[in-house]
Amino acid sequence: MNHLKKNVKWIGILSLSLLLLTACGTSEVTSQSTGWWDQLIYWIGQSIEALSFGNIGIGIILFTVILRTVLLPIYQMQMNSSRKMQEIQPQIKELQQRYSGRDWETRAKLTEETQRLQKENGVNMYATLIPLAVQMPILIALFQALTRIEALKVGHFLWLNIAEPDPYLILPFLAAFFTFYSTYLTNKAAPERSTAMTVMALVLPVIIFFSARSFASGVSLYWAVSYAYQVVQTLLFNNPYKIVAEREAVKRAEKERVSKQRKAKLKAQKRK
């Protein structure tokens, strides 16, 4: 729970900082624009146009896939750290029960032991924030590119006007669905599921859906493709079904070992 609170705190700080940074930018962005933020927006716009092959929607899809592929090592580090964190949750609960006192000394001891356990198991508490720190500026810059670069304002893809919200809510639904499924896959591999994990799995897709309803459909398209990519990435590199099957196999092997030892003891006792 403390881990979740820290994540929420840093997400809030980062989001607020970026929103304050970009709130004043409303003028058209061109090759003549100055400032690193406008240059980032222009670079994203140019990248999408170069990948569009005549259709901005295709450009956004290809841009998203390439970006996620480039950032794959960072996301994989995040997923590995999350998995390790899940694996040690039972041990963390034991520490919380052992140091359940409310006095300062006990709480300090709990923090010290928790940090020691995390270090021994290679858990990086802030690894989950790195992809957010990278992706958040790009997401906001993409949103502004669709509203501040003239060539992207008139883009169309299938039934969509890229610079306007999806009138049929198909993309918001897909973005929410893939968000839920990617979170579900991550949680499925956890040895124990906490209330916080369940709440996040349910609340985050709802936030994504209602946000995507009012955002430009180009942003919703980016979201949907990004989370769909994350689903595929999880199934390929951190498949929870395989992880659960391996964990069950280890449990069965341990039960069989204990059973064989018990039978061997009984036979030995009978011979006596």
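Everything here concerns the structure above.
Since the model is a prediction, treat every value here as computed from it, not as a measurement.

Rules used in this analysis
- Residues numbered from 1 in each chain as written.
- Predicted model: local features only at pLDDT ≥ 70, side-chain atom pairs only at ≥ 80, totals over all residues.
- Heavy atoms only, no water.
- Helix = DSSP H or I, 4+ residues; strand = E, 2+ residues; numbered from the N terminus.
- Buried < 20%, exposed > 50% of the residue type's maximum accessible area, 1.4 Å probe, protein only.
- Contact = heavy atoms within 4.5 Å.
- Patch = residues over 30% accessible without salt bridge, like charges linked within 9 Å, V, L, I, M, F, W, Y side chains within 5 Å.
- Areas by Shrake-Rupley, 256 points an atom, 1.4 Å probe, with all protein chains shown as cover.
- Salt bridge = Lys/Arg side-chain N within 4 Å of Asp/Glu carboxyl O.
- Core = buried A, V, L, I, M, F, W, Y, C linked by side-chain atoms within 4.5 Å.

A. Just the overall build of the protein, in detail. Helix and strand content of the protein: 12 helices and two strands. Starting at the N terminus and ending at the C terminus, the protein contains elements arranged as α-α-α-α-α-α-α-α-β-β-α-α-α-α. Of all 272 residues assigned to the protein, the portion counted as buried reaches 40%. Sequence separation of 24 or more characterises 74% of the internal contacts of the protein that already satisfy a separation of 6 or more.

B. The arrangement of a nonpolar patch on the surface in detail. On the surface, a cluster of nonpolar side chains totalling about 730 Å² of accessible area is made up of Leu 158, Trp 159, Tyr 168, Ile 170, Phe 173, Leu 174 and Phe 177. Inspection of the secondary structure puts Tyr 168 in the loop between β2 (160-161) and α9 (170-188). Take Tyr 168: its relative accessible area is 59%, and that puts it in the exposed class.

C. Spotlight on the environment of Ala 190. With respect to the helices, strands and loops of the structure, Ala 190 is situated in the loop between α9 and α10 (195-214). Judged by its relative accessible area of 7%, Ala 190 is buried. With 103 residues separating them along the chain, Ala 190 and Glu 87 place their C-alpha atoms 6.7 Å apart.

D. Expanded view of the nonpolar core. Counting 36 residues, the largest nonpolar core has Ile 41, Ile 44, Ile 48, Ile 60, Leu 146, Leu 152 and Trp 223 as the members making the most contacts within it. Counting only elements with at least two residues in this core, the list comes to α2 (36-52), α3 (56-70), α7 (129-148), α9, α10 and α11 (217-237). With eight residues, α7 is the single largest residue contributor to this core. Listed in part, the seven residues of the second largest apolar core include Met 85, Ile 88, Leu 110 and Leu 117.

So far we have only geometry, and geometry alone does not tell us how the molecule works.
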